[in-house]
Amino acid sequence: MPHLRPFVSAVVRPIPITTREERIAELDRAGHNPFNIRGEMVSIDLLSDSGTGAVSTDQQAWAQRADERYAGADSWFRFRDAVRDLVPHEHVLPVHQGRAAERVLFGALLGPGEISLSNMHFDTTRANVERIGAEARDLPSPQLFDMHSDAPFKGDIDVEAVKAVLDGPDGPRVKQIVVTITNNGGGGQPVSMANLAEISAVAREHRVPLVLDAARFAENAWLITRRDPDYRDWSPREVARRAFEYGDAVVASLKKDGLSHEGAFIAVHDPELADRCEVDIIATEGFRTYGGLTGHTLEHLAQGLREVLDPHYLADREHEAAYLADRLHAAGVETLRPTGLHAVYVNATPLLPHLQPKHLPDHALTCALYREGGVRAAGGGLFLSTFDENNELVTAPPFELMRLALPRRVYDHSHMEYIAEVLAEIAKNPERVPGYRLTHNPPVLRHFRCRAEPITP
Ligand SMILES: Cc1ncc(COP(=O)(O)O)c(C=O)c1O
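Residues numbered from 1 in each chain as written. Predicted model: local features only at pLDDT ≥ 70, side-chain atom pairs only at ≥ 80, totals over all residues. Heavy atoms only, no water.

Within an unreviewed UniProt entry, the label attached to the chain reads Tryptophanase, and the organism entered is Saccharopolyspora hirsuta. The UniProt entry for the chain carries the following comment under Cofactor (unreviewed entry): "pyridoxal 5'-phosphate". Per its UniProt entry, the chain bears the Sequence similarities (unreviewed entry) comment "Belongs to the beta-eliminating lyase family." (UniProt positions renumbered as here; feature names shortened; annotations may be inferred.)

Written out as structure tokens, the structure reads:
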């Protein structure tokens, strides 16, 4: 059967068309940091898949019926039931976005000097561990570091490495294990059900809570049905439910697989932990039946959580990412394998062979993509690098990857073709792409806040 996209545009937004000169001026103004570029100067925005998707007509229809009462609104109960249809946890607490869920839950689980282990802490997850004075330690599967392997579950946590920490001198200081599904910092690679089962057994044995960072729970579930023969006949919803059973606690940004522009939840079994989180949420987010969200958003989310597990929608998402990756491969552009769902990651190292790690190749490629085509993406290297006080690179990132994040239900094949054509043009004359050095280098959340300048290597 040929692939049929399971939706059409009901409302459209024109996109800005800019000149190369305008984009060069904008890059200068933005300090060559994509996060500083104004939206009106971006034609195709692949900076993030978070909160950037299109809502459906059904989501809009439900939002019309939103109940905006302060407490106990109908919209809250519809949202809570949609979450409870997925998670087995008794206590569901709403917050305005994923990082608020992290702040609240980690604040209740961790103290200064303690340790959080993870397959990979996402950047805000790490920041929310470190702001407590705790340590965020990443223990990804070694398979993740083989860019060219097609291993199906490179997002796994390294269970043996976790055990070694728990049984070693640092063991008593480990107060949470966070498994991020899918592993966003690790190239959007999925986590297998077997890995979840194993890490959950280890966590239980050591009495350490297992936290699922489930921002892309539906995409992880879909990739399990596609890559694990044991789950081939399961629906994505069944797989998602099984995965959630392994978490003692869940934090889930719903700006991704909630198909919404904002929102998140915390889910826990332990009533005492729920109580501590609730106090923090009432003080900082909003009452426990809205957590900073409007009834309008709660309705978007309740409906979004139903739509996101539709196999046709998920198949389309896979198809779109694969289409872009195939186009790039045809142009000789290398991407992280296997292709996931929420993003295509371009390997800048072979594309820009004249640039050394100190020239920040993934950042250079990201700026070149914007300059040449008005396409905004994000480099991942800056977050994973360290620098000295003169902004000279000390530790290079394990990979130089540019992330092309795919907003949900927004772009179609013609946009993918355009992106691939721009990258193919860059690949024809890579030596024209300048390297970069940082001119402003904040130590925390560097990639969001830094400034840089082009240099000729
Ligand atoms: C894996 C993961 N966890 C947490 C977050 C934070 O969520 P939010 O952006 O809703 O604060 C993100 C956001 O991209 C993420 O990808």
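Further remarks concern the pattern of salt bridges. Throughout the structure, instances matching the rule amount to 34 salt bridges. Between Arg 137 and Glu 135 there is a salt bridge, with its nearest N and O atoms 2.8 Å apart. The class for Arg 137 is partly exposed, based on a relative accessible area of 22%. Among the ionic pairs, Glu 219 bridges to Arg 317, the shortest N-O distance being 2.6 Å. A residue pair is termed long-range when its members are at least 10 positions apart, and Glu 219 in helix 8 (residues 217-227) and Arg 317 in helix 12 (residues 311-330) qualify at 98 residues. As far as burial versus exposure is concerned, Glu 219 and Arg 317 are alike and both buried. Linked through salt bridges whose partners overlap, the residues forming this network are Asp 49, Arg 216, Glu 219, Asp 257, Arg 317 and Arg 408. (Salt bridge = Lys/Arg side-chain N within 4 Å of Asp/Glu carboxyl O. Buried < 20%, exposed > 50% of the residue type's maximum accessible area, 1.4 Å probe, protein only. Helix = DSSP H or I, 4+ residues; strand = E, 2+ residues; numbered from the N terminus.)

With that settled, consider the sheet that holds strand 8 (residues 264-268). As summarised here, the arrangement of the 7 strands in space is 2-8-7-6-5-3-4, forming an open sheet in which the pairing is mixed. Looking along the sheet, the strands with just one partner apiece sit at the ends: strand 2 (91-95) and strand 4 (135-138). Here the average twist between neighbouring strands, direction ignored, is 20 degrees. In terms of strand pairing, strand 2 meets strand 8 through 5 bridges, oriented antiparallel. Note on strand 8: the bridge partner recorded for Leu 93 is Ile 266. Of the strands in this sheet, strand 2 and strand 8 touch helix 3 (residues 74-84), which is tilted by about 120 degrees from strand 2. (Pairing = 2+ DSSP bridges. Axes fitted to C-alpha atoms, helices over the stretch in contact; angles between N-to-C directions. Contact = heavy atoms within 4.5 Å.)

So, on to the sheet that holds strand 9 (residues 343-347). Consider a sheet: its strands pair through backbone hydrogen bonds, and that pairing is either parallel or antiparallel. Here we have 3 strands laid out as an open sheet, ordered 9-14-11, and antiparallel in their pairing. Across the chains shown, the open sheet's two edge strands, defined by having one partner strand only, are strand 9 and strand 11 (378-379). Judged from the 2 bridges that link them, strand 11 and strand 14 (residues 401-405) form a sheet pairing that is antiparallel. Bridged to Gly 379 within strand 14 is Met 402. Lying over the sheet, helix 14 (residues 361-373) contacts strand 9, strand 11 and strand 14, oriented at roughly 40 degrees with respect to strand 14.

Around the ligand, the surrounding shell holds 15 residues, and the nearest of these are Gln 97, Gly 98, Arg 99, Ser 253 and Lys 256. Between the ligand and Gln 97, the relevant distance is 2.8 Å, taken from an oxygen atom to a side-chain nitrogen or oxygen of the residue. Coverage of the ligand by the protein chains reaches 97% of its 390 Å² of free accessible surface. At 3 residues, the largest contribution of residues to the shell around the ligand is made by helix 4 (residues 98-109). Of the residues contributing to the shell around the ligand, the split by class is 2 nonpolar, 7 polar and 6 charged. (Near = heavy atom within 4 Å. Polar contact = N/O pair within 3.5 Å; in protein donor to acceptor, adjacent residues only side chain to side chain. Areas by Shrake-Rupley, 256 points an atom, 1.4 Å probe, with all protein chains shown as cover. Nonpolar A, V, L, I, M, F, W, Y, C, P; charged D, E, K, R; others polar.)

Right, let's get into the pairing of strand 6 (residues 210-213). With burial as the criterion, each face of strand 6 is covered, one bearing Leu 210 and Leu 212 and the other bearing Val 211 and Asp 213. Here strand 5 (residues 174-180) runs beside strand 6; their pairing, made up of 4 bridges, is parallel. Paired with Ile 177 across the strands is Leu 210, a residue of strand 6. Since strand 5 and strand 6 lie parallel, the crossover through helix 7 (residues 193-205) that links them has a hand, and here it is right-handed. (Right-handed = clockwise from strand over helix to strand, strands pointing away.)

Another aspect to go through is the domain arrangement of the chain. Domain assignment breaks the chain into domain 1 (20-49 + 310-455) and domain 2 (57-307). A straight line from the C-alpha centre of domain 1 to that of domain 2 covers 27 Å. Roughly 2,600 Å² of surface becomes buried between domain 1 and domain 2 when both sides are summed, with 58% attributable to carbon and sulfur atoms. Of all residues in domain 1, Arg 337, Pro 338 and Phe 399 give up the largest surface area on contact with domain 2, accounting jointly for 21% of the area buried on that side. In this structure, the connection of domain 1 to domain 2 is made through 7 salt bridges. Among the ionic pairs, Asp 150 bridges to Arg 337, the shortest N-O distance being 3.1 Å. Our enumeration of links across domain 1 and domain 2 arrives at 19 residue pairs in polar contact (both at pLDDT 80 or more). (Domains from an automatic or database assignment. Buried area = accessible area lost by both parts, 1.4 Å probe.)

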